[in-house]
Amino acid sequence: MSRRLWLSGALALLVVLAAGYAWRVRPNADPGRAPVLAGAPADMPVLQRGAYLARAADCVACHTAPGGQPFAGGLAFELPFGRIYSTNLTPDAATGLGAWTDDEFVRAMHEGVGRDGQRLYPAFPYTSFTQLSRADVLAIKAYLMSLPPVQQPARAPELSFPFNQRWGMGLWNAVFFRSERFQADPARPEVWNRGAYLANGLAHCAECHTPRNAGFALDHGQELAGASLEGWLAPNITSDSKFGLGSWSDREIVAYLLSGHAPGRGSAAGPMGEAVSHSLQHLAPADLDALVAYLRSVPAREGDPRTAVAARPQSVAQSSATAPPPNTPADLQAGLKLFESSCASCHRWDGQGRQVERAGLLSLRSVNDPLGRSLTKAVLDGVKLQIQGQPVFMPGFKDSMSDVEIAQLANYVIGHFSGKRGEVTADAVARQRTR
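Keep in mind it's a predicted model, so treat the numbers as computed, not measured.

Basis of the calculations
Sequence order sets the numbering: in each chain, residues are counted from 1 along the sequence as written. Residue-level local features of this predicted model are given only where pLDDT is at least 70; pairs of side-chain atoms are given and counted only at 80 or more, and the full residue set underlies all totals for whole chains, interfaces and linings. Hydrogens are left out, water is left out, and the side-chain values use all remaining heavy atoms of the structure. Each helix is a run of H or I in the DSSP string that is no shorter than four residues. Each strand is a run of E no shorter than two, and both are numbered from the N terminus. To get the radius of gyration, use the C-alpha atoms; to get the globule rule, take the number of residues to the power 0.38 and multiply by 2.2 Å. Any residue under 20% of the maximum accessible area for its type is buried, any over 50% is exposed, and the rest in between are partly exposed; the area is computed with a 1.4 Å probe on protein chains only. Between two residues, a contact is recorded if the distance between any of their heavy atoms is within 4.5 Å. Every accessible area reported is derived by Shrake-Rupley at a probe size of 1.4 Å, with residue values counting cover from the shown protein chains alone. Side-chain atoms alone can form a polar contact between residues adjacent in sequence; in general such a contact is a pair of N or O atoms within 3.5 Å, and within protein one must be able to donate a hydrogen while the other accepts it. When DSSP finds two or more bridges between a pair of strands, those strands are recorded as paired. Whenever a carboxyl oxygen of Asp or Glu lies within 4 Å of a side-chain nitrogen of Lys or Arg, that contact is scored as a salt bridge. Only the six-membered ring of Trp is used, alongside the rings of Phe and Tyr, when aromatic pairs are assigned; centres must lie within 6.5 Å, and planes under 30 degrees apart are stacked while those over 60 apart are edge-to-face, with the rest tilted. For every element, the axis is a line fit to its C-alpha atoms; helices are fit only across the contacting stretch, and the angle between N-to-C directions ranges from 0 to 180 degrees. Here is the rule for angles: anything less than 35 degrees is roughly parallel, anything more than 145 is roughly antiparallel, 65 through 115 is roughly perpendicular, and the remaining ranges are oblique. By definition, turning the near helix anticlockwise from the far helix through less than a right angle yields a left-handed crossing, and turning it clockwise yields a right-handed one. Side-chain classes are defined by residue name, with Ala, Val, Leu, Ile, Met, Phe, Trp, Tyr, Cys and Pro counting as nonpolar, Asp, Glu, Lys and Arg as charged, and the others, Gly among them, as polar.

On to the overall build of the chain, then. A count of helices and strands for the chain gives 18 helices and 9 strands. Since a compact globule built from 435 residues should have a radius of gyration of about 22 Å, the 23 Å found for the chain is in line with a globular shape. Buried residues in the chain amount to 48% of all 435 residues. Intrachain contacts of the chain at a sequence separation of at least 6 include 65% that bridge at least 24 residues. A total of about 21000 Å² of accessible surface is found on the chain, and carbon and sulfur atoms cover 56% of it.

Before going further, it helps to spend a moment on unusual backbone geometry. Across the junction of phenylalanine 161 and proline 162, the peptide omega takes the value 5 degrees, indicating a cis bond. Here proline 162 shows up in the loop between β3 (158-159) and α7 (168-176). Positive phi, close to 70 degrees, is recorded for serine 363, a residue that is not glycine. Among the secondary structure elements, serine 363 is positioned in the loop between α15 (344-347) and α16 (373-381). Classification of serine 363 as buried rests on a relative accessible area of 15%.

For aspartate 240, the position within the fold is in the loop between β5 (232-234) and α10 (250-259). A polar contact is formed between the side chain of aspartate 240 and the backbone nitrogen of lysine 242, at a distance of 3.0 Å. Setting aside residues no more than four positions away along its own chain, aspartate 240 makes contact with Leu245, Gly246, Ala300, Arg301 and Glu302.

Before going further, it helps to spend a moment on the side chain of threonine 328. Within the secondary structure layout, threonine 328 lies in the loop between α13 (314-317) and α14 (333-342). Residue classification places threonine 328 among the buried residues on the basis of a relative accessible area of 15%. Apart from the residues lying within four places of it in its own chain, the contact partners of threonine 328 are Gln333, Leu336 and Tyr412.

The next point concerns the environment of arginine 301. Take arginine 301: it is sitting in the loop between α12 (285-297) and α13. Exposure remark for arginine 301: the relative accessible area of 26% places this residue in the partly exposed category. Along the chain, arginine 301 and histidine 220 lie 81 residues apart, while their C-alpha atoms are 12 Å from each other. Excluding its chain neighbours within four sequence positions, the residues that come into contact with arginine 301 are His220, Gly221, Gln222, Glu223, Ala225, Asn236, Thr238, Asp240 and Phe243.

The next point concerns the sheet that holds strand β2 (residues 82-85). Sheet architecture is open: 3 strands sit in the order β1-β2-β3, paired in antiparallel fashion. Each edge of the open sheet is held by one strand with a lone partner, namely β1 (76-79) and β3. Both β1 and β2 contribute to a ladder of 4 bridges, which runs antiparallel. Note that in β2 the partner of glutamate 78 across the bridge is arginine 83.

By the definition in use, this model includes 21 salt bridges. Across the pair arginine 212 and glutamate 207 runs a salt bridge, and its minimum N-O distance is 3.0 Å.

For the rest of this paragraph, the subject is the pairing of β2. What sits between the antiparallel neighbours β1 and β2 is a turn of 2 residues. One ladder, built from 2 bridges, connects β2 with β3; its direction is antiparallel. Residue pairing across strands places arginine 83 opposite glutamate 158, the latter belonging to β3.

In total, this model carries 13 aromatic pairs according to the counting rule given. Each ring, one from phenylalanine 182 and one from tyrosine 197, has its centre 5.4 Å from the other, and the planes form 70 degrees; the classification is edge-to-face. Of this pair, phenylalanine 182 sits in the loop between α7 and α8 (190-202) while tyrosine 197 sits in helix α8, placing them 15 residues apart in sequence. Since its relative accessible area comes to 7%, phenylalanine 182 is described here as buried. On the basis of an interplanar angle of 50 degrees and a centroid distance of 5.8 Å, the ring pair of phenylalanine 339 and tyrosine 412 is categorised as tilted. Of the two residues, phenylalanine 339 is situated in helix α14 and tyrosine 412 in helix α17 (residues 403-418); the sequence distance between them amounts to 73 residues. Taking relative accessible area as the criterion, phenylalanine 339 reaches 1% and is therefore assigned buried. Residue tyrosine 412 is classed as buried on the basis of its relative accessible area of 1%.

This brings us to the packing of α10 against α12. For the pair α10 and α12, the least separation of the axes is 10 Å and the interaxial angle reads 125 degrees. Classified by the interaxial angle, the pair formed by α10 and α12 is oblique. In terms of crossing hand, the pair formed by α10 and α12 is right-handed. Counting all contacts with α10, which are made through Asp250, Ile253, Val254, Leu257 and Leu258, the residues of α12 involved are Leu288, Asp289, Leu291, Val292 and Arg296. Residues belonging to the contact of α10 with α12 are distributed by class as follows: 7 nonpolar, no polar and 3 charged.

Now for α10. Along an α-helix, residues three or four apart share an orientation, since each turn contains 3.6 residues. When we look at burial in α10, the residues that qualify are Ile253, Val254, Tyr256, Leu257 and Ser259. One or two steps after α10, the chain reaches glycine 260, where phi turns positive at roughly 75 degrees.

Here we take up the pairing of strand β9 (residues 390-394). In this structure, strand β8 (residues 383-387) lies alongside β9, joined through 5 bridges in antiparallel fashion. Each residue of the ladder has a partner; that of glutamine 386, found in β9, is proline 391.

Pasting the structure below:
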């Protein structure tokens, strides 16, 4: 009897969710009307517009595997419930987009439904791309269809039950997704609307910078308040002056978007480094200004008080460019020796960086996080970017340092450059290695 009641209740729940799905996620044929981006004017040839829009959407970053062909897919995404792989966006007819119709491509971008009718997982950010106009989506498709075809079949997801049941995505969409095109706010200036379209649609900033709820959907109540991503910490980019961008000048934000570095503020690495390298540095100045105008308006959200940036701790004030203070605590001595042998020649003890400002460690968010999330990932994986045609490189130490050593080094960097007590453990480093 109890089993029958459970099954009846489960069936009733499915009926309710299915009804909600039919009401909330029914196909939306609205083509949308997007703000005209400065870098993609309406009279630009469609392939050039599509190239600019695809770059603004940073398609290549997610659809290129390490060492693989651009846009051919195969990049792995590590999720709490398994692994999925990006798909081939080249015009190969058998394994890519070559056989896709315009309507099928638009449906994938707007509704999260593949050519075969199966629902896509929201690691593909259709929840953001749904805001794009049909014209912009088709311009992106035209550009992708102009690429050299690469034959590379999609890899099957490696997900545990019940997450490997794609039909369940219909229920997820019923609860968490609404298909709708961008609507300009007539009370806002044109530059703000352009920035909103960029941030919330094309650049899909929320996908990394907004925390997720228990259903792995974006928690819009904490929009852009910061989140963990693949082991990295995507920081708060709201207008909060202590934890977000509120105290940054417009020039500092633009400098960060263009180069991945703002002196005394931060240096991009990991997914944000890729966004700068592949996408943001290539946007038109007026579009970057629009993005800044929108971010200025995002309601302030407070962060973890422990991650507040310490401007100049005593340990740094007592250091010179070539030597640390003489009173380093005993529990940080092992980390000091590692920093001395592997890091000081580029980063210096006073946090200013040698030869290039980008090597400065003072006032960075990454070294002010006691858990050392982004710091640990940078030490493990290093940094490899292309900024304005020039390489930006920091070696990784995952093959030359043990988990214990990296934890010791990270805790020393946190202690010396922020004055806080680092909480990085060898176990945490081991987990970071696999992300």
